[in-house]
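Spelled out from the first residue to the last, the chains are:
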Amino acid sequence: KKYIEYNGEEQNVTVYWELFDIRMLQRAKMLVAYCKRKGSLTLAQHGESGFDRDRIQLIANELASDLRTIDIDCASIIAIRRPLHASTVSALYDCVYDFAFFAYTTDHPALMYHLGDHDRCSVELRATLFSNDDADLSQTPAAQELESALQGRNVAYRLEGEPGQLRMIVLMPRAGE
């Protein structure tokens, strides 16, 4: 154990470093899961005709399972009527993971995703995060990082927050049609 002196008392810093190490390992786990699925989505862009609702739901269920292992409660509903091109699914996957990385910065996060048809030519991803945080989540530094990431994704989006909550709406054209 390592101790530091603070206000005349010895403080145990081992617990802090162990928690820090666990958080770093969990973040690495998220990155590995992201890269694994992102790689298969990238390969799929060069030969597959599309992803139907069941296939996208499977991807969403795998994502939710990965997030639950690092204490992010997660659920999703996929309500599209027509298949999506792999490039659309890949771009939406990036947005979902950007939001999941944001959720990881909050206290006891719970995520809900809904992907549905917006109109004949576009789809809409709605994501809602609930946490035990007291602050308006849209005003945090991590929300500014999320916004920067979304700006680089070439999608129309909106972020709305309030204490302990953040909502993300992404509107994206169907590619490949």
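Okay, so let's go over this structure.

Analysis parameters
- Residues numbered from 1 in each chain as written.
- Predicted model: local features only at pLDDT ≥ 70, side-chain atom pairs only at ≥ 80, totals over all residues.
- Heavy atoms only, no water.
- Axes fitted to C-alpha atoms, helices over the stretch in contact; angles between N-to-C directions.
- Helix = DSSP H or I, 4+ residues; strand = E, 2+ residues; numbered from the N terminus.
- Parallel < 35°, antiparallel > 145°, perpendicular 65-115°, else oblique.
- Left-handed = near helix turned anticlockwise from the far one by under 90°.
- Contact = heavy atoms within 4.5 Å.
- Nonpolar A, V, L, I, M, F, W, Y, C, P; charged D, E, K, R; others polar.
- Pairing = 2+ DSSP bridges.

A word on the packing of helix H2 (residues 53–68) against helix H3 (residues 86–103)
Right, on to step 1. Remark: H2 packs on H3, axes separated minimally by 12 Å, with the N-to-C direction vectors making an angle of 20 degrees. Of the possible angle classes, the one that applies to H2 and H3 is roughly parallel. When the axes of H2 and H3 are compared, the crossing they make is right-handed. In contact with Ile56, Ile59, Leu63, Asp66 and Leu67 of H2, H3 contributes Val89, Tyr93, Val96, Tyr97 and Ala100.
Right, on to step 2. Taken together, the residues of the contact of H2 with H3 break down into nine nonpolar, no polar and one charged.

Comments concerning the sheet that holds strand S5 (residues 122–130)
Right, on to step 1. With mixed pairing, five strands are arranged side by side in an open sheet as S3-S4-S5-S7-S6. Edge positions in the sheet fall to strand S3 (73–79) and strand S6 (156–162), since each of these pairs with one other strand and no more. Strand-to-strand twist across the sheet, computed as the mean angle between neighbouring axes with direction ignored, equals 15 degrees.

Thoughts on the environment of leucine 84
Right, on to step 1. Here leucine 84 lies in the loop between S3 and H3.
Right, on to step 2. As for leucine 84 and valine 123, which are separated by 39 residues in sequence, their C-alpha atoms are 8.9 Å apart.
Right, on to step 3. For leucine 84, the residues in contact, after removing those within four places along its chain, are Gly50, Phe51, Ile56, Val89, Leu92, Leu115, Val123 and Arg174.

Some remarks on the environment of tyrosine 93
Right, on to step 1. Along the chain, the position of tyrosine 93 falls in helix H3.
Right, on to step 2. On a C-alpha basis, the gap between tyrosine 93 and alanine 60 in space is 8.9 Å, while along the polypeptide they are 33 residues apart.
Right, on to step 3. Once residues lying within four places of it in the same chain are set aside, the contact partners of tyrosine 93 are Ala33, Tyr34, Arg37, Lys38, Leu41 and Ile59.

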